[in-house]
Amino acid sequence: MEAKTAKESLTVLTDLVLPGETNYLDNLFGGELLARMDRACSIAARRHSRRIVVTASVNHVAFSKPIPVGSVVTVEAKVSRAFKSSMETYVDVWTEDRQSGSRTKVNEGIYTFVAVDEIGKPVEIPQIIPETDIEKERFEGALRRKQLSLVLAGKLNPNDATALKALFSKFNLEE
């Protein structure tokens, strides 16, 4: 199975925020934004794996800025790292200024998907080749995030979390 670059999975969805999608403050509902992010991430994961994909977890979401009604919202997702059958997909959310066209990052998230066959059994997927600095940073962080999640779920012994141990070995924790 041949590895793929992260940019091959890039998915960009752009849409308007309509009045029926907002709360009492006329800002986009968080759940509506999560749904848009999930759709973009799922398309990116499918592009990478060329398989049916299912959302395994939403690992992180940061709502940094509100998104007012009438805003143009762009959701950009791409696979940051592939494991055996699972893949981490990183998503960035931007708004566009109506006058200048300048973009502001308002949100980001990390989703995990699993590639499955027609009966729902996990299948092996291609690995990722990160190219840009941010792709490399996200690729390296993905293993630490996966190990932390497995340790917290009781599915990985902390002593076996090599990427996490390497991170913390930089600090003298015995003082």
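Above this text is the structure in question.
What counts, and where the lines are drawn
- Residues numbered from 1 in each chain as written.
- Predicted model: local features only at pLDDT ≥ 70, side-chain atom pairs only at ≥ 80, totals over all residues.
- Heavy atoms only, no water.
- Helix = DSSP H or I, 4+ residues; strand = E, 2+ residues; numbered from the N terminus.
- Contact = heavy atoms within 4.5 Å.
- Salt bridge = Lys/Arg side-chain N within 4 Å of Asp/Glu carboxyl O.
- Buried < 20%, exposed > 50% of the residue type's maximum accessible area, 1.4 Å probe, protein only.

Draft legend 1. Layout of the side chain of Ser 49. As for its placement among the helices and strands, Ser 49 is situated in helix H1 (residues 30-49). When near neighbours in sequence (up to four residues on either side) are disregarded, Ser 49 contacts Met 87, Ala 115, Ile 125 and Pro 126.

Draft legend 2. Examining the environment of Glu 140 more closely. With respect to the helices, strands and loops of the structure, Glu 140 is situated in helix H2 (residues 133-152). On a C-alpha basis, the gap between Glu 140 and Arg 46 in space is 22 Å, while along the polypeptide they are 94 residues apart.

Draft legend 3. Representation of the pattern of salt bridges within the structure. Counted by the stated rule, this structure contains 9 salt bridges. For Arg 36, the salt bridge identified is with Glu 21, shortest N-O distance 2.9 Å. With a gap of 15 residues between them, Arg 36 in helix H1 and Glu 21 in the loop between strand E2 (11-16) and H1 connect regions that are remote in the sequence. Both residues of the pair, Arg 36 and Glu 21, count as buried. Here Glu 108 makes a salt bridge to Lys 105, at a shortest N to O gap of 2.7 Å. Classification of Lys 105 as partly exposed rests on a relative accessible area of 29%. Overlapping salt bridges, with partners in common, bring together Asp 92, Lys 105, Glu 108 and Arg 138 in one network.

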